[in-house]
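The chain contents come next:
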Amino acid sequence: FYNQLSCARINGPVIQFMNNIDVEVMAKPSGYSQTTMDRIVKEYDLRAKDINKTRDNKLEEQNVIFNLSESFANPQRVPGVTLRNNPIPYITKMIKENTGGLMISSGYGGGTANMEYMALTGFALSNFSPTLPTPYTQLVNNLKQDPSIVDSFKYAVAIHPYNGVFYNRIGAYHKFGFNKFLYLGSKYPIRHQKKIGRSPYLSDEASYRNVLDQLNGKRNGQFINLVTMQNHFPYDQHFYNNFKEYEAIKVSDGTNIDSVNDFTTGIHYTDEAMKRFIVSLDKIQKPITLVFYGDHLPGIYANNMEKDGIKLHETDYFVYSNSYAREHGAKNFHKDTKYISPNDFIAIVAKQTNSKVNWYQALLTDVYEKLPAIGEGLQSSSNVNTYNNGSEFINQDGKLVKEKSLTSKQKQILHDYRLVQYDITAGKHYLSKNMK
């Protein structure tokens, strides 16, 4: 679904047409009705008022950056892999000293746009039906309304230092309401285009310089969605002259050690670029909060998914507010941060920036604070992504939790959450007037 034209060439037009016709967006949750949705809005509007009693800022006045870092995940967590040294010492330090921890990805070796969709909308991929594995290409353009974090800002920019066609990003960003989308070949130029070694991809340092241009070019608050490409596969082309101090001493059975070394070199370059980026952010005299997260692990590990699946879905994340933001109310927190999922980032950034929330963001706050992290395919029988076969949950100890073991309060929050997602994406859109 990421590229309809290519798939039509591979499958033939008839099969590809039928593949798109036979799509159920999401199963209807029990109790779905206008009355139920009205109840949910009223209940979480009260919850928002309660949350807002202790918050002073507005999201629209903040400068918020979501940085999806392609395939970023420390190999040191993968069972059977041992490196000489930690290749990401600075980012590890940022995770410990700021809001940060591990993000449970809903993909392995792929699914970038799905993690991005979850982060921008707050919706969980696992709530959708198996016939809807890629919301960007199958869903977003078909909806009259696509609520996202963009709605909380008067100005929004998307940056992807690559082709803008994949995953329907041009159409999806337009529907979300982004004012500009910078990609290679767009009418808004990617000014900085540095590459590293023999890599065909623009470096993360170049990506961060393009973000700084946007920050310095806008006086008031804005939202910036950056999706990098530096650490994208392949990892067997020897793009870099590898750093010996970070190379692998051993890897899991069946895993190619050269691929691990090439990948490890790439994320070390990211680590160095991030250190310089943070220094630049702290020099800017306006509130800036950066959400950095890896979307999924690279598909280079031959580990058994049933045995090591949770570890193969753990990526690194942190949330950093610059000096100016901290002087104006932003602050780190460490409760419920060890394990999160991408649909939690809207609630997390509102909490970090001390920003008031609306009823939907109050619901997302309850999902974040009161439910375990949501994932899927965490212990599948193969290393190929399995889509939307039911939600799986990881608690703050990193342990798998069954849905039936949730408390009654947790089950009610989860049910409300699914009802809202169903109404917006597949239902009768009772909430349309409430999501503006």
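Here, every reference points to the structure presented above.
Here is a short report on the structure shown in this document. Residue numbers restart at each chain and count upward from 1, following the sequence in its written direction. Residue-level local features of this predicted model are given only where pLDDT is at least 70; pairs of side-chain atoms are given and counted only at 80 or more, and the full residue set underlies all totals for whole chains, interfaces and linings. The side-chain figures draw on all heavy atoms in the structure; neither hydrogens nor water molecules are used.

### A word on the overall build of the protein
Phase 1: Each helix corresponds to a stretch of at least 4 residues labelled H or I by DSSP, and each strand to a stretch of at least 2 residues labelled E; elements are numbered beginning at the N terminus. Across its full length, the protein carries 14 helices and 13 strands.
Phase 2: A radius of gyration in this sense is built from C-alpha atoms; the matching globule rule multiplies 2.2 Å by the number of residues raised to 0.38. Its C-alpha atoms give the protein a radius of gyration of 21 Å, within 12% of the compact-globule value 22 Å for 436 residues.
Phase 3: On the principal axes, the C-alpha backbone points of the protein span a range of 60 × 55 × 45 Å.
Phase 4: Scored against the burial criterion, the 436 residues of the protein give a buried share of 61%.
Phase 5: Residues are treated as being in contact if the distance between any of their heavy atoms lies within 4.5 Å. Contacts spanning at least 24 positions in sequence make up 76% of the contacts within the protein whose residues lie at least 6 apart.
Phase 6: Within the structure as shown, the protein displays about 18,000 Å² of accessible surface, and the carbon and sulfur contribution to it stands at 50%.
Phase 7: When charges are tallied, Lys and Arg are placed among the positive residues and Asp and Glu among the negative ones, while His and the ends of the chain are skipped. Throughout, a charge is located at the NZ atom of Lys, the CZ atom of Arg, the CG atom of Asp or the CD atom of Glu. Taking the 50 positively charged and 42 negatively charged side chains of the protein as two groups, their mean positions are separated by 5 Å. Exposed residues in this analysis have more than 50% of their type's maximum accessible area, buried residues have under 20%, and partly exposed residues fall in between, with area computed by a 1.4 Å probe over protein chains only. The Shrake-Rupley method, run with a 1.4 Å probe, gives the accessible areas here. Residue values count only the displayed protein chains as cover.

### Quick notes on the pairing of strand E8 (residues 288–294)
Phase 1: Burial of E8 is extensive: 7 of the 7 residues sit out of reach of the surface.
Phase 2: Alternating residues of E8 divide into Ile288, Leu290, Phe292 and Gly294 and Thr289, Val291 and Tyr293, and every residue in both groups is buried.
Phase 3: Two strands are said to pair when DSSP picks up at least two bridges between them. Sheet topology places E8 next to strand E9 (residues 314–321); 5 bridges connect them, and they run antiparallel. Residue pairing in the sheet places tyrosine 293 in a bridge with tyrosine 317 of E9.

### Details of the side chain of serine 321
Phase 1: Tracing the chain through its elements places serine 321 in strand E9.
Phase 2: Polar side-chain contacts of serine 321 include one of 2.8 Å to the side chain of threonine 289.
Phase 3: Polar contact is the term for a pair of N or O atoms within 3.5 Å; when the atoms are in protein, one must be able to donate a hydrogen and the other to accept it, and sequence-neighboring residues count only if both atoms are side-chain atoms. There is a polar contact of 3.2 Å between the side chain of serine 321 and the side chain of glutamine 352.
Phase 4: Contact partners of serine 321, with chain neighbours within four places excluded, come to Ile288, Thr289, Arg326, Ala330 and Gln352.

### So, the pattern of salt bridges
Phase 1: By definition, a salt bridge exists where a carboxyl oxygen of Asp or Glu is found within 4 Å of a side-chain nitrogen of Lys or Arg. One pass over the full model with this rule turns up 23 salt bridges.
Phase 2: One salt bridge in this structure joins aspartate 50 and lysine 53, with 3.8 Å as the shortest N-O distance.
Phase 3: Assessed through its relative accessible area of 41%, aspartate 50 is described here as partly exposed.
Phase 4: Here arginine 84 makes a salt bridge to glutamate 247, at a shortest N to O gap of 3.1 Å.

### Comments concerning the sheet that holds strand E13 (residues 400–401)
Phase 1: If you walk across this open sheet you meet the 3 strands as E11-E12-E13, and the pairing is antiparallel. Each edge of the sheet is formed by a strand with only one pairing partner; in this case those strands are strand E11 (373–375) and E13.
Phase 2: Relative to strand E12 (residues 392–394), E11 is paired through 3 bridges, and the arrangement is antiparallel. Following the sheet pairing, glycine 375 is matched in E12 by glutamate 392.

### Considerations on the packing of helix H8 (residues 204–216) against helix H9 (residues 257–282)
Phase 1: For helices, the axis comes from a line fit to the C-alpha atoms of the stretch in contact; other axes are also lines fit to C-alpha atoms, and the angle between any two N-to-C directions lies between 0 and 180 degrees. Taken N-terminus to C-terminus, the directions of H8 and H9 make an angle of 15°; their axes are 9 Å apart at the nearest point. Classified by the angle their axes make, H8 and H9 are roughly parallel. When you trace H8 past H9, the crossing you get is right-handed. Facing H8, whose interface residues are Asp204, Glu205, Tyr208, Val211, Leu212 and Leu215, H9 presents Thr270, Ala273, Met274, Arg276, Phe277, Ser280 and Leu281.
Phase 2: In this count, Pro and Cys sit with the nonpolar residues alongside Ala, Val, Leu, Ile, Met, Phe, Trp and Tyr, while Asp, Glu, Lys and Arg are called charged and the others, Gly among them, polar. Residues of the contact of H8 with H9, tallied by class, amount to 8 nonpolar, 2 polar and 3 charged. Working rule for angles: under 35 degrees goes down as roughly parallel, over 145 as roughly antiparallel, 65 to 115 as roughly perpendicular, anything else as oblique. Should the near helix be turned anticlockwise from the far one by less than a right angle, the crossing is left-handed, and should it be turned clockwise, the crossing is right-handed.

### With respect to the packing of aromatic side chains
Phase 1: Only Phe, Tyr and Trp rings take part, Trp by its six-membered ring, and two of them pair if their centres are within 6.5 Å. Stacked means planes under 30 degrees apart, edge-to-face means over 60, and tilted covers everything else. Applying the stated criterion to the full structure yields 28 aromatic pairs.
Phase 2: Judged by centre distance (4.9 Å) and plane angle (80°), the ring pair of tyrosine 32 and tyrosine 422 falls under edge-to-face. Of the two residues, tyrosine 32 is situated in the loop between helix H2 (13–21) and helix H3 (34–52) and tyrosine 422 in helix H14 (residues 408–425); the sequence distance between them amounts to 390 residues.
Phase 3: Residue classification places tyrosine 32 among the buried residues on the basis of a relative accessible area of 14%.
Phase 4: Across the ring face of tyrosine 155, the terminal group of lysine 218 is positioned such that the distance to the ring centre comes to 4.0 Å.
Phase 5: Cation placement over rings: the criterion is NZ of Lys or CZ of Arg within 6 Å of the ring centroid and within 35° of the ring normal. Cation over ring: lysine 351 sits above phenylalanine 333, and NZ or CZ is 4.5 Å from the ring centre.

### Quick look at the environment of valine 25
Phase 1: One can find valine 25 in the loop between H2 and H3.
Phase 2: A sequence separation of 102 residues divides valine 25 from asparagine 127, and the C-alpha atoms of the two residues are 9.3 Å apart.
Phase 3: Leaving out residues up to four positions away in the same chain, valine 25 has contacts with Phe128, Ser129, Leu132, Leu139, Thr425 and Ala426.

### Quick notes on the side chain of asparagine 114
Phase 1: Among the structural elements, asparagine 114 can be located in helix H5 (residues 112–121).
Phase 2: Take asparagine 114: its relative accessible area is 3%, and that puts it in the buried class.
Phase 3: Here proline 133 takes part through its backbone oxygen, which lies 2.9 Å from a polar atom of the side chain of asparagine 114.

### A look at the environment of isoleucine 15
Phase 1: By secondary structure assignment, the location of isoleucine 15 is in helix H2.
Phase 2: Judged by its relative accessible area of 52%, isoleucine 15 falls in the exposed class.
Phase 3: Here the alpha-carbon distance between isoleucine 15 and proline 130, two residues 115 residues apart in the chain, equals 17 Å.

### Looking at a nonpolar patch on the surface
Phase 1: A cluster of nonpolar side chains, Val14, Phe17, Met18 and Ile21, forms an exposed patch at the surface whose accessible area comes to about 440 Å².
Phase 2: Secondary-structure assignment places methionine 18 in helix H2.
Phase 3: What makes methionine 18 partly exposed here is its relative accessible area of 48%. Exposure above 30% relative accessible area and the lack of any salt bridge qualify a residue for a patch; like charges then connect within 9 Å, and the nonpolar side chains Val, Leu, Ile, Met, Phe, Trp and Tyr within 5 Å.

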